[in-house]
Structure formats: C-alpha cells, structure tokens
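So you can see what is in the structure, the chains are spelled out below.
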Amino acid sequence: MIKMQPILAPSLLAADFSNFQQALNRIHHYQAPWIHFDVMDGSFVPAITFGAQVVAHLRPHSKTFFDVHLMVENPERHIESFAQAGANSITFHIEATHHAHAIVQQIHKIGCKAGIAINPGTSLHHLEALLPFVDLVLVMSVNPGAGGQSFITETLIKTRTLQALRNQQNLHYHIQMDGGINAETLPSVVEAGTDILVAGSAFFSDSHVNALLHSLQG
C-alpha cells in the first residue's frame, strides 16, 4: 500500500454543540479533508452525544468526507440510519458486538466504507481476522467516552503492528488514531504509521490549532 499524506479529521465532539455551523465553517476554512462524528449512546460509554439527525442536518452544508464513529451497543441497529443521513464511512467497536464480520458486510452493502475500532485495553488479536475486510482500523489512544484526555503512549504499539500486518499481508485498510492528538503527540503518531488523525480539542482551540497544523505539515 502506498503511504498516503496524513489526513486530519476534526472531531465535532470538541465543537460548540450550540453552533455546529460555526464548527463546519472552521473545518472548511482550514481545509480539513474529513469530519469525525463521535456518536455515544450512554451505554457503551457513559456520555451521550448526538445521532443520525445531526449528520443529516449538516450533510447539505458540507462536501467534506463524513466519518462516523459509533461508540454504541448493538451498532448494527444504527448503520442504516447513519448511511441514509449521509455518512461516507461508519466505524464500530469490536468490543460492542459478537457479529463484527456481518456488520462490516452490512456497512459495505449500503455503500459506505467500513471501519473497526479498538479500545486501549483490547488486544489486536480480537480483530486480526477482520483486517482483510475493513477499510479502516481506528485505534483509540484514550479511553472512549470523553474529549480532552491525555494521550496513551502505549497505544502506538498497535499502530506499528497494524502497519506491519498491512505490509506483510498486502492489505489496504487505513489506520486511524483518535484521542489526545495535538502538536506534541502528532509526530509520533504519524511516525508509527497512522494515516488519519482525529483531533478535537487541539483543532477547536484558537490557541492550539496553528501549532497542530504546523506539526501536521512537518
């Protein structure tokens, strides 16, 4: 797989929930290629964020790639609604289901890219069998459920392993990392093989965004 230029995916979890249009304007201004939607159900993780209706309302206002990250129990129940709302990619957690391969098939059948996510405390062995079938693997570098957490350095081992497996097996998934990414942590995240960088607090902070973008540009 040819190494791609890292993609920045700002997370709306760190935006002002009372003004998503302002968040979109900021994302468009900085020309971020993806928008990351952290969907939380209050069960798989303690917090509740938003559902497919928010994606549907924002879709007419942006041509940016919509990257939906389902931190929910029974993710198969929500695939169709997010696809209809305008998601381009839908990622679910390996910890949230016993039927991961069937959900990947479900996502592909409705025309979206399929991603699988893994928490910091979960071994990669749980998802290795899925790697030939998914378009994206999301490595959580914080524990899911809240923004603004500190980066867990040990999770870089997973991205390095995923990069090695991709090369060894000639697979084509992208590697995404989510949590604690800022100007200081970004270089090591990219060096470890990450293709898509989810940034929330650092991107939506006026005092940090320029440093983040400068770090991304190398």
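Residues numbered from 1 in each chain as written. Predicted model: local features only at pLDDT ≥ 70, side-chain atom pairs only at ≥ 80, totals over all residues. Heavy atoms only, no water.

A count of helices and strands for the protein gives eight helices and eight strands. A globule of 218 residues ought to have a C-alpha radius of gyration of about 17 Å, and the protein, at 16 Å, matches this closely. C-alpha extents for the protein along the principal axes are approximately 40 × 35 × 30 Å. Burial status across the protein gives 55% buried among its 218 residues. Of the contacts made within the protein by residues no fewer than 6 positions apart, 64% connect residues no fewer than 24 positions apart. Taken together, the 10 basic and 16 acidic charged side chains of the protein have centroids lying 8 Å from each other. (Helix = DSSP H or I, 4+ residues; strand = E, 2+ residues; numbered from the N terminus. Rg over C-alpha atoms; globule rule 2.2 N^0.38 Å. Buried < 20%, exposed > 50% of the residue type's maximum accessible area, 1.4 Å probe, protein only. Contact = heavy atoms within 4.5 Å. Lys, Arg positive; Asp, Glu negative; His and termini not counted. Charge placed at Lys NZ, Arg CZ, Asp CG, Glu CD.)

Tallying each qualifying case throughout the model produces three salt bridges. Across the salt bridge formed by Glu 191 and Arg 160, the nearest N and O atoms sit 3.3 Å from each other. Taken together, the residues Glu 191 in helix H6 (residues 186–191) and Arg 160 in helix H5 (residues 156–169) connect sequence positions 31 residues apart. Assessed through its relative accessible area of 53%, Glu 191 is described here as exposed. Here Asp 195 ties to Arg 166 by a salt bridge, and the two come within 2.7 Å at their closest N and O atoms. Remark: Arg 166 occurs in helix H5 and Asp 195 occurs in the loop between H6 and strand S8 (196–199); sequence separation between them is 29 residues. Accessibility classification places Asp 195 together with Arg 166 in one group, the buried group. (Salt bridge = Lys/Arg side-chain N within 4 Å of Asp/Glu carboxyl O.)

We now examine unusual backbone geometry. For Gln 31, which is not glycine, the phi dihedral falls at a positive 55°. Checked against the element boundaries, Gln 31 lands in the loop between helix H1 (20–29) and strand S2 (34–40). Residue Gln 31 is classed as exposed on the basis of its relative accessible area of 67%. One non-glycine residue, Asn 74, lies in positive phi territory at about 50°. Following the sequence through the fold, Asn 74 ends up in the loop between strand S3 (65–71) and helix H3 (79–85). The class for Asn 74 is partly exposed, based on a relative accessible area of 29%.

The subject of this paragraph is the pairing of strand S7 (residues 174–178). Counting buried residues in S7 gives four out of five residues, a clear majority hidden from the surface. Strand direction decides the pairing type here: strand S6 (residues 136–140) and S7, joined by five bridges, are parallel. Along S7, the bridge assignment pairs Met 140 with Asp 178. In this sheet, S8 lies alongside S7 in parallel orientation, the contact comprising three bridges. (Pairing = 2+ DSSP bridges.)

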